[in-house]
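Chain by chain, the residues:
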Amino acid sequence: DAGVIQSPRHEVTEMGQEVTLRCKPISGHNSLFWYRQTMMRGLELLIYFNNNVPIDDSGMPEDRFSAKMPNASFSTLKIQPSEPRDSAVYFCASSFRTGMEKLFFGSGTQLSVL
Amino acid sequence: GEDVEQSLFLSVREGDSSVINCTYTDSSSTYLYWYKQEPGAGLQLLTYIFSNMDMKQDQRLTVLLNKKDKHLSLRIADTQTGDSAIYFCAEMNYGQNFVFGPGTRLSVLP
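What you see is a predicted model; the values in this text were computed from it and never measured.

## Side note on the overall build of chain B
And then number 1: Regarding its fold elements, chain B presents zero helices and 11 strands.
And then number 2: Written out in order from the N terminus, the α and β elements of chain B read β-β-β-β-β-β-β-β-β-β-β.
And then number 3: By its C-alpha atoms, chain B is 40 × 30 × 20 Å across when sized along the principal axes.
And then number 4: Every one of the 110 residues in chain B was classed for burial, and the buried ones make up 45%.
And then number 5: Within chain B, counting contacts between residues at least 6 apart in sequence, those at least 24 apart form 55% of the total.
And then number 6: In the structure as shown, chain B presents an accessible area of about 5,400 Å², 48% of it carried by carbon and sulfur atoms.
And then number 7: Computed over 9 positive and 13 negative side-chain charges, the inter-centroid distance for chain B is 3 Å.

Below, the structure written as structure tokens:
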């Protein structure tokens, strides 16, 4: 398996623009997570889906952030409008929720909002 | 809520052993994990331990769990420059989400 695939790897945009980050989880996994990593705040869970349904979005910073999972093999995280403080590395991770769970991460999207 | 703490930095000399420590607060944690993050990459699962175990060894890695003190450690024997990375401790209780620590940046000096 190719692992969790994220695109783009790097995104540079201007304040106010819409940004869409994409994720393809590992085939067969039924849970998908979006994390944000910054030096100041470390690794933060933004939202997670189970069987394509959003379960907990309490980590989403504000209404500018939205996430969707239209099917089991694709998810998007959208920021509209983007702000400089959104600059971070955004990771997608997936797992198969059983008693013993292993979380697999993608390589991340480095977002810079100027 | 649950909390996981780690020291932020550790420096060791190549060939020495590294010990990275972690404390957690959730006494009902079912599984505890160590993840490694190399520069520009995502987190990679290194090893894990079930909460009813005291120790797990996997090649150069030894995980020790003191459930009474809620303390987890990762020992890397014969540390190499390729081990330089950020190491994250994480805990998970069945049906809940992972809770990650802030990460320990390990620097291996030649």
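Structure's up, so let's keep going.
## A look at the sheet that holds strand β6 (residues 55-58) of chain B
Hydrogen bonding along the main chain pairs the strands of a sheet, whether they run parallel or antiparallel.
Residues and elements named next belong to chain B.
And then number 1: In spatial order, the strands read β1-β3-β8-β7-β6; together these five strands make up an open sheet with antiparallel pairing. At either margin of the open sheet sits one strand with a lone partner, and together these are β1 (4-6) and β6. Taken pair by pair, the neighbouring strands of this sheet meet at an average axis angle of 15°, ignoring direction.
And then number 2: As defined by bridge partners, β6 adjoins strand β7 (residues 61-66) across four bridges and the pair is classed as antiparallel. If you follow K56 over to β7, its bridge partner there is V63.

## Some remarks on the interface of chain A and chain B
How big an interface is tends to be reported as the loss of accessible area on association of its parts.
And then number 1: Opposite the 18 residues of chain A that make contact, chain B presents 18 residues.
And then number 2: Taking both sides of the interface into account, the surface hidden between chain A and chain B amounts to around 1,500 Å²; carbon and sulfur atoms contribute 58%.
And then number 3: Seen at the junction of chain A and chain B, the total is zero salt bridges.
And then number 4: Looking at the side of chain A that touches chain B, the elements with two or more residues in it are β4 (31-38) and β5 (42-50) of chain A.
And then number 5: Considered class by class, the residues forming the side of chain A that touches chain B number nine nonpolar, five polar and four charged.

## Observations concerning the pairing of strand β5 (residues 43-50) of chain B
And then number 1: Where strand β4 (residues 31-37) of chain B meets β5(B), seven bridges bridge the pair, whose relative direction is antiparallel. Residue pairing in the sheet places B:Y31 in a bridge with B:F50 of β5(B).

## Notes on the sheet that holds strand β3 (residues 19-24) of chain A
Residues and elements named next belong to chain A.
And then number 1: The strand order β1-β3-β8-β7 describes an open sheet built from four strands, whose pairing is antiparallel. Two strands in the sheet have a free side with no partner beyond their single neighbour: β1 (5-7) and β7 (65-71). When strand polarity is set aside, the average angle formed by the axes of neighbouring strands in this sheet is 15°.

## A look at the environment of A:L46
Residues and elements named next belong to chain A.
And then number 1: Within the element layout of this structure, L46 appears in strand β5.
And then number 2: Note on L46: relative accessible area 0%, which makes it buried.
And then number 3: With 10 residues separating them in the primary sequence, L46 and D56 have C-alpha atoms 8.3 Å apart.
And then number 4: Among all residues touching L46, those that are not within four sequence positions of it are W34, Y35, R36, D56, D57, S58, G59, M60, P61, L77 and Y90.

## What to know about the environment of B:T79
All names here are of chain B.
And then number 1: By the secondary structure assignment, T79 is in the loop between β8 (71-76) and β9 (85-92).
And then number 2: Exposure remark for T79: the relative accessible area of 0% places this residue in the buried category.
And then number 3: With 30 residues separating them along the chain, T79 and I49 place their C-alpha atoms 21 Å apart.
And then number 4: Other than its neighbours up to four places away in sequence, T79 contacts V12, E14, G15, D16, S17, S18, R60, L106 and V108.

Each value, and the rule that gives it
- Every residue gets a number counted from 1 within its own chain, in the order that chain's sequence is written.
- Written order determines the labels here, with chains lettered from A and ligands numbered from 1.
- Where totals are concerned, whole chains, interfaces and linings use all residues; where local detail is concerned, this predicted model gives features only for residues with pLDDT of at least 70, and gives and counts side-chain atom pairs only at 80 or more.
- Heavy atoms from the whole structure form the basis of all side-chain values; hydrogens and water molecules are not counted.
- Helix numbers and strand numbers start at the N terminus; a helix is a DSSP run of H or I with at least 4 residues, a strand a run of E with at least 2.
- Accessibility here uses a 1.4 Å probe with only protein chains present; expressed as a share of the type maximum, an area under 20% marks a residue as buried, one over 50% as exposed, and anything in between as partly exposed.
- The criterion used for residue contact is that any of the two residues' heavy atoms lie within 4.5 Å.
- Methods summary: accessible areas were calculated by the Shrake-Rupley approach with a probe of 1.4 Å, and residue burial reflects only the protein chains presented.
- The charge count includes Lys and Arg as positive and Asp and Glu as negative, but it does not include His or the ends of the chains.
- By convention, charge coordinates are those of NZ in Lys, CZ in Arg, CG in Asp, or CD in Glu.
- Strands are treated as partners if at least two bridges between them are detected by DSSP.
- For helices, the fitted line uses only the C-alpha atoms of the stretch in contact; every axis is such a line through C-alpha atoms, and the angle between N-to-C directions lies from 0 to 180 degrees.
- Buried area, as used here, totals the accessible surface that two parts lose on assembly, with accessibility defined by a 1.4 Å probe and the loss added over both.
- A pair is scored as a salt bridge if a Lys or Arg side-chain nitrogen falls within 4 Å of a carboxyl oxygen belonging to Asp or Glu.
- Gly falls in the polar group here, along with every residue not listed as nonpolar (Ala, Val, Leu, Ile, Met, Phe, Trp, Tyr, Cys, Pro) or charged (Asp, Glu, Lys, Arg).

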